[in-house]
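Coordinate analysis (summary)
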Amino acid sequence: MNRKIKSALISVFYKDGLEPIVRRLHELGVTLYSTGGTQTFIEQAGIPCVAVETVTGYPSILGGRVKTLHPKVFGGILARRDFADDQKHVSEYEIPLFDLVIVDLYPFEETVRTTDDEKKIIEKIDIGGVSLIRAAGKNYNDVCICASRDQYGQLLELLNSKNGETGIEDRRKFAAAAFAECAHYDVAIADYFTRSEGEKHFQLSFGNKQSLRYGENPHQQASFYGDIDALFEKLNGKELSYNNLVDIDAACQIISEFSKPAFAVIKHTNVCGIAERDNVTQAWEAALAGDPESAFGGVLATNQTITAEAAQKINELFFEILIAPGYDDDALATLKGKKNRIILLQKKTFYPTKEYKRVLNGILVQGADTQNFTEWKEAARPITAAENEDLLFANIVCKHLKSNAIALVKDKQLIGKGCGQTSRIDSLRQSIEKSKQFGFALNGAVMASDAFFPFDDCVRIAHEAGITAVIHPGGSIRDNDSIEFCKANNMAMVITGMRHFKH
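Quick summary incoming for the structure in this document. Computed from a predicted model, the values in this text were never measured in an experiment.

Cut-off values and rules
- Here, residues in each chain are numbered from 1, in the same order as that chain's written sequence.
- Side-chain atom pairs in this predicted model are given and counted only at pLDDT of 80 or more, local residue features only at pLDDT of at least 70, and totals for whole chains, interfaces and linings cover all residues.
- Each side-chain value is worked out from all heavy atoms of the structure, with water and hydrogens disregarded.
- Each helix corresponds to a stretch of at least 4 residues labelled H or I by DSSP, and each strand to a stretch of at least 2 residues labelled E; elements are numbered beginning at the N terminus.
- To sort residues, take the accessible area from a 1.4 Å probe on protein chains only and compare it with the maximum for the residue type: under 20% means buried, over 50% means exposed, and anything in between is partly exposed.
- We call two residues in contact when some of their heavy atoms are within 4.5 Å.
- Note on geometry: axes are C-alpha line fits, over the in-contact stretch for helices, and angles between N-to-C directions span 0 to 180 degrees.
- For classification, angles of less than 35 degrees are called roughly parallel, those exceeding 145 degrees roughly antiparallel, those between 65 and 115 degrees roughly perpendicular, and all remaining angles oblique.
- Residues are sorted three ways: Asp, Glu, Lys and Arg are charged, Ala, Val, Leu, Ile, Met, Phe, Trp, Tyr, Cys and Pro are nonpolar, and all the rest, Gly among them, are polar.
- Here the rule is simple: two strands pair whenever DSSP picks up at least two bridges between them.
- Any Lys or Arg side-chain nitrogen found within 4 Å of a carboxyl oxygen on Asp or Glu counts as a salt bridge.
- Think of the arc as the fan of directions from the helix axis to the C-beta atoms.

**Section: the environment of leucine 392**
Residue position: leucine 392 is located in helix α15 (residues 385-399). For leucine 392, a relative accessible area of 33% translates into the label partly exposed. With 54 residues separating them along the chain, leucine 392 and valine 446 place their C-alpha atoms 10.0 Å apart. Beyond its immediate sequence surroundings of up to four residues, leucine 392 is in contact with Phe373 and Trp376.

See the structure below:
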């Protein structure tokens, strides 16, 4: 059922993109009603406008908190055109009918991001806007609701294509978007309050839907919800895929743990090469040397500006994505040589505070693994200064590998790793074989484990390989077996008290 737009109620915070719509409505002979700043905006554009105050008989009061909350306004939105009783009340109380409502919401999320002033934040909780949007959405049979500036283009196209009329499917589509806008807004407000009061319900809402080519596999549909542009500027390359985004997340988390020049190579969310050095070029060369085979087609990340020298060396490898906080001009010229290669400028560091996972018919929520140890207990011989640095480094790297995880490190370079194995011994054997494959000597290396050693077999195998120091959470009823072996064989052991399972 088509409805001719004869009158429109317009009250918005964001005015950009609004003028073409109000001009088109004026050309179509639509009577415009408005309030406050929006009314001024429309009138300054030379377009006549009826002040809502003349309809309600009340001015804007309480510092603008109450402007449109009035029966004549909501009656004009909620009145059903084909209900005789509704139309009787419209006539009796001289209620103007609204066929189109253009209303958005105060910028609550933007305010939370830019200030800690609770008074300012509270004032950006919209009351009238949400009520008007919900009323118009409820009565989509008769009223069209545009609840976001993101829909201005669609609305203008509709006005032009149908010459000021709307169909039932048009109105339903706009109503669906409007209710989604309100739901997202309410979740943001609830999230703000539950930060200090605690959560009773799981609520999460992200806007900015981006359809992806496919999901983890080509037969799976996928979308990303969120503001990726707030974190990165894409300087080159194709659109990001589902797997790209997952690996970028892993890369950003691990690289954020380091302050000195570091470089990481990620493959299927596991770090396969990482090193800390005096400059970005050296860090890249050391990270790549750790596993040049797995690095092929990987995601690269550093916490340093990419220099021309580093770019020349990186350019020798086929990789999917490079992430860095800066690029020299000559470096970019080199790296942009391949059009599909994704080059990301990271605007700010990222580490989540919470993690979510769908399980069965519900959601698991946990705090992110942001710590590295709760204690630093030297359980065997004293560690050397070099071992201390390597153990700290290895413990961080191991935290970012899938369990069961083992990381072998020497001179702050990952030289062997085992991950995703069902046995810790298998992960250790895998890490030793990796180090041998690429010519690393394990004499003087250190070993990190994401969980305790249930027996002394891992420290025995490590000792046989030449490893001199180990770090693990401890907590096994047989910790002492591993401790005594280390003491007897001049190995150092650090117990952290903190497990780092990752599944």
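**Re the packing of helix α17 (residues 457-465) against helix α18 (residues 479-488)**
The interhelical angle for the contact between α17 and α18, taken along N-to-C directions, is 25°, at an axis separation of 8 Å. Overall, the two elements α17 and α18 adopt an arrangement that is roughly parallel. Mapping the contact onto sequence places Val459, Arg460 and His463 in α17 and Ser482, Phe485 and Cys486 in α18. Classifying every residue of the contact of α17 with α18 by side-chain character gives three nonpolar, two polar and one charged.

**Some details on the sheet that holds strand β10 (residues 232-236)**
Ordered by their spatial adjacency, six strands build an open sheet running β10-β15-β14-β13-β11-β12, and the pairing between neighbours is mixed. The strands lining the two open edges of the sheet, one partner per strand, are β10 and β12 (270-276). The sheet shows a mean angle of 20° between the axes of neighbouring strands, taken without regard to direction. Here strand β14 (residues 321-324) pairs with strand β15 (residues 342-346) via four bridges, running parallel. Pairing of isoleucine 321 across the sheet is with isoleucine 342, part of β15. Packing against the sheet, helix α11 (residues 242-255) makes contact with β10, β11 (262-267), β12, β13 (299-302), β14 and β15, and its axis sits at approximately 150° to β11. Where helix α12 (residues 280-290) meets the sheet, its contacts fall on β11, β12 and β13, and the angle it forms with β11 comes to roughly 35°.

**Some points on the pattern of salt bridges**
By the definition in use, this model includes 21 salt bridges. The residue glutamate 257 makes a salt bridge to lysine 399 at a minimum N-O spacing of 2.7 Å. One end of the pair, glutamate 257, is in the loop between α11 and β11; the other, lysine 399, is in helix α15, with 142 residues separating them in the sequence. Accessibility expressed as a relative area gives 4% for lysine 399, which makes it buried. As a salt-bridge pair, arginine 478 and aspartate 481 come within 2.8 Å of each other at their nearest N and O atoms.

**A word on unusual backbone geometry**
With an omega dihedral of -10°, the bond running from serine 403 to asparagine 404 counts as a cis peptide bond. Counting through the fold element by element, asparagine 404 comes out in the loop between α15 and β19 (406-409). The residue histidine 268 is not glycine, and still its phi comes out positive at about 50°. With respect to the element layout, histidine 268 can be found in the loop between β11 and β12.

**Thoughts on α17**
By the burial criterion, the buried members of α17 are Cys458, Val459, Ile461 and Ala462. Along the long axis of α17, the arc covered by the buried residues comes to 160°, so they all point the same way. In this structure, the buried side of α17 is in contact with α16 (424-437), β21 (446-449), β22 (469-472), α18 and β23 (492-495). Of the residues trailing α17, glycine 466 is marked for its positive phi of about 105°.

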